[in-house]
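Below are the chains, spelled out letter by letter.
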Amino acid sequence: MASRRGSTSVILPSGQTLPSYTRSSEDDDGLPHATKKKMADHLRKYEALFTLTPQRMRIVVEAFKESLELGLAKHGQVVPMIPTYVFGWPTGQETGSYLAVDLGGTNLRVCLVTLQGDGKFEITQSKYRLTEEQKQEDGQILFDFCAECLKAFIDSNIESGVIEKDQVLPLGFTFSYPCAQERIDHGVLIRWTKGFGSPNTEGHDVVAMFRKSLAKHSVPAEVVALTCDTTGTLIASHYVNPKTRIACIFGTGCNAAYMERAGDIPKIQELGIDPNAEIAINCEWGAFDSFEHENLPRTKYDIIIDETSNKPGEQAFEKLISGRYLGEILRLIICELIDEGVLFLGQNTYKVEIAYSFDTAFLSLMESDPTDELLMIIGIFSHFFALETTLAERQFFRALAKLVARRAARLSACGIAAIVSKMNYLEDGCAVGADGSLYNKYPGFAERIHEGLQDIFGEKGKTIVTYHAEDGSGIGSAIVAAMTKARRDAGLYPTL
Ligand code: GLC
């Protein structure tokens, strides 16, 4: 057994307390561990696999740009480039009270947003964690659950006098999965992403399904607009920072939205929209390089993740970047080294062999461990996986986390660079509103994106700056609902 000298504890993002211990010596647990040199040799192998050179990044950017163009030109392309029917930027003067329902990758959120004009707002909200079972339940049952949660939220706000009884509030529905839209309050689910698999939903209009659930539970709310978290983020960020041109989500999933000239979207020419009008495009860029896998540097771990996922072949870009997968990439490497007899000889490794048991939050904690002995990493392995580690192993795990997360950030930079280059934003520079757990919580993620942008564009890359965006799925969705109401009241494209 390891001799222990003292103990400390750390608080995880989940609120859980994690005990960790200091040791008197590194290799005193009587277990066979790999030598420092051996770990360094292995690290070199993974460095070669996960490092993206600037030259390789530029090649990815060019292919990405072509996919974006193709998505605008024709319906049904790999990167679907969905016109959202959000016309132009908000004025900042939008006002009124709106409900927002956000069916995200991890949580369901219901909000009441009061827009006060001048870029100001108030929000109250409730959050519900979605179980893995709910994500696979029949679609209508999932929407029923959303309606029930909204009903409970409205009732409690009526009780506290915030919402008037008999008031039917307009609602913005943030449904962050690719939907083909014919108008703003319509969206046929193209495919589930982020591990969802609810039957009887793909190929159906999710607004019609949600309206059915709202009617069934007599919820006093009228769905005005369907938005994606990225579109909401684009609009909400611009509401408070008008320099914003692009919005990105780096969370459970990964995606971007930006504003396009209607005249530059060949596939919707027949709608008769003024070519100079601007429309927000939900890129759904997580799908880049899906099916063909010609452009992205996939390792064998990425291929295992893809092939064992509920959607093999799909969301190729997202699977290399988003929080849903990064922990799993690292876990697969650990398992490979266990199989090769390099790590944890003589220890029971069954816990770490469970798929998706290695949370991406662990990578984040590992990288931010401030102690020389890497106490946080001791804690993660002993507490969650019942495994003893040496300092050399912990340094190796931390270096691996860095490789995996840095590749994710650099690939994210490639996506941003493709939009920047397509839209010629480099000269004047632009602000990119970004949100999501990876962007907000992973240490150094934003800096690595910025470093990547400079590797792609040189000095000029410094003009593209990401910043922590405004809450798109709540505030953004409400602003979109307000903009839609104003547009339709003014008779502008009333059927879109
Ligand atoms: C997935 C979804 C997309 C969403 C993103 C971030 O890529 O398909 O709609 O914006 O995750 O949540």
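For the structure itself, look to the data block above.
Remember, predicted model here, so these are calculated numbers, not experimental data. (Residues numbered from 1 in each chain as written. Predicted model: local features only at pLDDT ≥ 70, side-chain atom pairs only at ≥ 80, totals over all residues. Heavy atoms only, no water.)

**Q** Quick question: what am I supposed to make of the nonpolar core here?
**A** One recurring pattern in soluble globular proteins is that nonpolar side chains are buried together. Within the largest apolar cluster, 125 residues are counted, with the highest numbers of intra-cluster contacts made by Phe-250, Trp-285, Ile-334, Phe-358 and Ile-416. It is helix 11 (residues 391-423) that provides the largest number of residues to this core, a total of 19 residues. The contact partners of Ile-416, leaving out residues within four places of it in the chain, are Ile-246, Cys-248, Phe-250, Trp-285, Val-432, Ile-449, Leu-453, Ile-464 and Thr-466. Formed by 34 residues, the second largest nonpolar core is a distinct cluster that contains Ile-154, Leu-171, Tyr-177 and Phe-210. (Core = buried A, V, L, I, M, F, W, Y, C linked by side-chain atoms within 4.5 Å. Buried < 20%, exposed > 50% of the residue type's maximum accessible area, 1.4 Å probe, protein only. Helix = DSSP H or I, 4+ residues; strand = E, 2+ residues; numbered from the N terminus. Contact = heavy atoms within 4.5 Å.)

**Q** Can you help me understand the pairing of strand 12 (residues 254-261) in this one?
**A** A regular strand places its side chains so that they alternate between the two faces of the sheet. Among the eight residues in strand 12, seven count as buried, and that is most of the element. Two strands pair when backbone bridges link them, and strand 11 (residues 244-250) and strand 12 are joined in this way by five bridges, in the antiparallel orientation. Within strand 12, the residue paired with Phe-250 across the bridge is Cys-254. Here strand 11 hands over to strand 12 after three residues, the two strands then running antiparallel side by side. Note: strand 12 against strand 13 (residues 278-282), five bridges, orientation antiparallel. By the bridge assignment, Met-259 is partnered in strand 13 with Ala-280. (Pairing = 2+ DSSP bridges.)

**Q** Is there a simple way to think about the pattern of salt bridges in this case?
**A** Once the charged atoms of two side chains with opposite charge are near each other, the side chains can pair. Tallied over the entire structure, the rule returns 26 salt bridges. The shortest N-O distance in the salt bridge between Glu-202 and Lys-311 comes to 2.5 Å. In this pair, Glu-202 is assigned in the loop between strand 9 (188-189) and helix 4 (206-216) and Lys-311 in the loop between helix 6 (300-308) and helix 7 (316-321), connecting sequence segments 109 residues apart. What makes Lys-311 buried here is its relative accessible area of 16%. In this structure, Arg-448 engages Glu-367 in a salt bridge whose closest nitrogen and oxygen atoms are separated by 2.7 Å. On the criterion of sequence distance, the pair formed by Arg-448 in helix 13 (residues 445-457) and Glu-367 in helix 9 (residues 360-368) is long-range, its members being 81 residues apart. With respect to burial, Arg-448 and Glu-367 carry one shared label: buried. Through salt bridges with shared partners, one network takes in Arg-183, Asp-185, Arg-211, Glu-222 and Arg-488. (Salt bridge = Lys/Arg side-chain N within 4 Å of Asp/Glu carboxyl O.)

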